Amino acid sequence: MAVRVSAPAAGQTWDPEAYARNARFVAELGAPLLDWLEPRPGERVLDLGCGDGALTEKLVAAGCSVVGADASPEFVAAARARGLDARLADGQALPFAAEFDAVFSNAALHWMKRDPDAVLAGVARALKPGGRFVAEMGGAGNVAAIRGALHEALARRGIDAAAADPWFFPTAEDYRARLQAAGFEVRRLELFERPTPLPGDVAAWLRTFAQSFLERLPEAERATVLDEVQETLRPRLSKGGQWTADYVRLRFIANKKAAT
Ligand code: BEZ
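Residues numbered from 1 in each chain as written. Predicted model: local features only at pLDDT ≥ 70, side-chain atom pairs only at ≥ 80, totals over all residues. Heavy atoms only, no water.

**Quick notes on the overall build of the chain**
In plain terms, the rule: The way it works is that DSSP assigns letters per residue, a run of H or I at least four long becomes a helix, a run of E at least two long becomes a strand, and they are numbered from the N terminus. As defined in this context, the radius of gyration uses C-alpha atoms, and a globule is described by 2.2 Å times the residue total to the power 0.38. In this scheme, a residue with accessible area under 20% of its type's maximum is buried, one over 50% is exposed, and one in between is partly exposed, where area comes from a 1.4 Å probe on protein chains only. Residues count as neighbours in contact if any of their non-hydrogen atoms are within 4.5 Å of one another. Computed by Shrake-Rupley with a 1.4 Å probe, the accessible areas treat only the displayed protein chains as cover when residues are assessed. Under the counting rule used here, the positive set is Lys and Arg, the negative set is Asp and Glu, and His together with the chain ends is not counted. In plain terms, the charge of a residue is placed at NZ if it is Lys, CZ if Arg, CG if Asp and CD if Glu.
Tallying secondary structure elements over the chain gives twelve helices and eight strands in all. Taking 18 Å as the expected radius of gyration for a compact globule of 260 residues, we find that the chain reaches 18 Å, a close match to that expectation. With the principal axes as the frame, the chain shows a C-alpha extent of 55 × 40 × 40 Å. For the chain, with 260 residues in total, the buried portion stands at 53%. Partitioning the intrachain contacts of the chain with sequence separation of at least 6 by distance along the chain shows that 78% fall at a separation of at least 24. When the accessible surface of the chain is summed, it comes to about 11,300 Å², and 52% of that surface belongs to carbon and sulfur atoms. Distance from the positive charge centre (32 side chains) to the negative charge centre (34 side chains) of the chain: 3 Å.

Okay, structure coming up:
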């Protein structure tokens, strides 16, 4: 069967080395989600949006048989270099059927903005009846200060920032309803603030995560905009030289209902 693969979120590419430098915290802070999953030896698990495989590896170490899926060829190559079974796949058109005991996803679903319901339909298809979907993503209000400053900087230049914005950060109510409509029973779902210390300044974060916005600008103007956004955010997000991003997480456990 041909697998349809679309590029990662428009305008966003991933450099695994830069990611390891600037974004290792994504996997480190996502580790508690493994406790929600409670992986058991022998279980077959799909890691949706596996990135460079840092958490996928932990699922393998727990004794699971794991497939990682990601829309970035660079991440798939990095995950394979760890010895993982990583596949290039569009999260909005997953090619699996009734194969997995669990689907796990950390910090990936918010990049699948084009069709979040197609993501949930694909996850439901991939799971065996009763299988669980355990995930964490950005929720409503995530990086609101950063997002607002970016939108304003682009708007000042006459650029439609909404069209450049690649992120889907739903409310708890919105996502609960989508899960239920896709045939899941929601067992636990929480939206919580998680201020996130960054390894560098917010300009480094923007270069890693906000390429879709930056690419709307002429190359010669990008450094100026990064500076401008950073200075706008400094009073709010930097204390004593430590930058902290205003993350909000949506975390849930949902089970695919057995057919009735
Ligand atoms: C997040 O993991 O919350 C996130 C990732 C990229 C951009 C914004 C937020």
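Next comes the rest of the account.
**Some remarks on the pairing of strand 8 (residues 242-256)**
So the rule is basically this: Any two strands with at least two DSSP-identified bridges between them are counted as paired.
Most of strand 8 is tucked away: 13 of the 15 residues are buried. With seven bridges joining them, strand 5 (residues 127-138) and strand 8 adopt antiparallel strand pairing. Bridging from a neighbouring strand, phenylalanine 133 pairs with alanine 254 of strand 8. Judged from the 13 bridges that link them, strand 6 (residues 184-197) and strand 8 form a sheet pairing that is antiparallel.

**Regarding the pattern of salt bridges**
Keep this limit in mind: Salt bridge criterion: a side-chain nitrogen from Lys or Arg within 4 Å of a carboxyl oxygen from Asp or Glu.
Taken as a whole and judged by the stated rule, the model has 20 salt bridges. With a shortest N-O distance of 2.7 Å, aspartate 174 and arginine 178 are connected by a salt bridge. On the criterion of helical spacing, the pair formed by aspartate 174 and arginine 178 is a turn pair, its members being four residues apart in helix 9 (residues 172-181). In this structure aspartate 174 comes out as partly exposed when scored by relative accessible area, which is 28%. Classification of arginine 178 by relative accessible area gives partly exposed; the value is 21%. With a shortest N-O distance of 3.1 Å, arginine 188 and glutamate 190 are connected by a salt bridge. Glutamate 190 sits in the partly exposed class, given a relative accessible area of 32%. Through salt bridges with shared partners, one network takes in Arg24, Asp52, Glu57 and Arg82.

**Comments concerning unusual backbone geometry**
The bulk of non-glycine residues show a negative phi, and the bulk of peptide bonds are trans. Within the chain, alanine 98 stands out as a residue other than glycine whose phi angle is a positive 45°. Relative to the helices and strands, alanine 98 is located in the loop between strand 3 (86-88) and strand 4 (100-106). Non-glycine residue alanine 107 carries a positive phi angle of around 55°. Of note, alanine 107 is situated in the loop between strand 4 and helix 6 (116-126).

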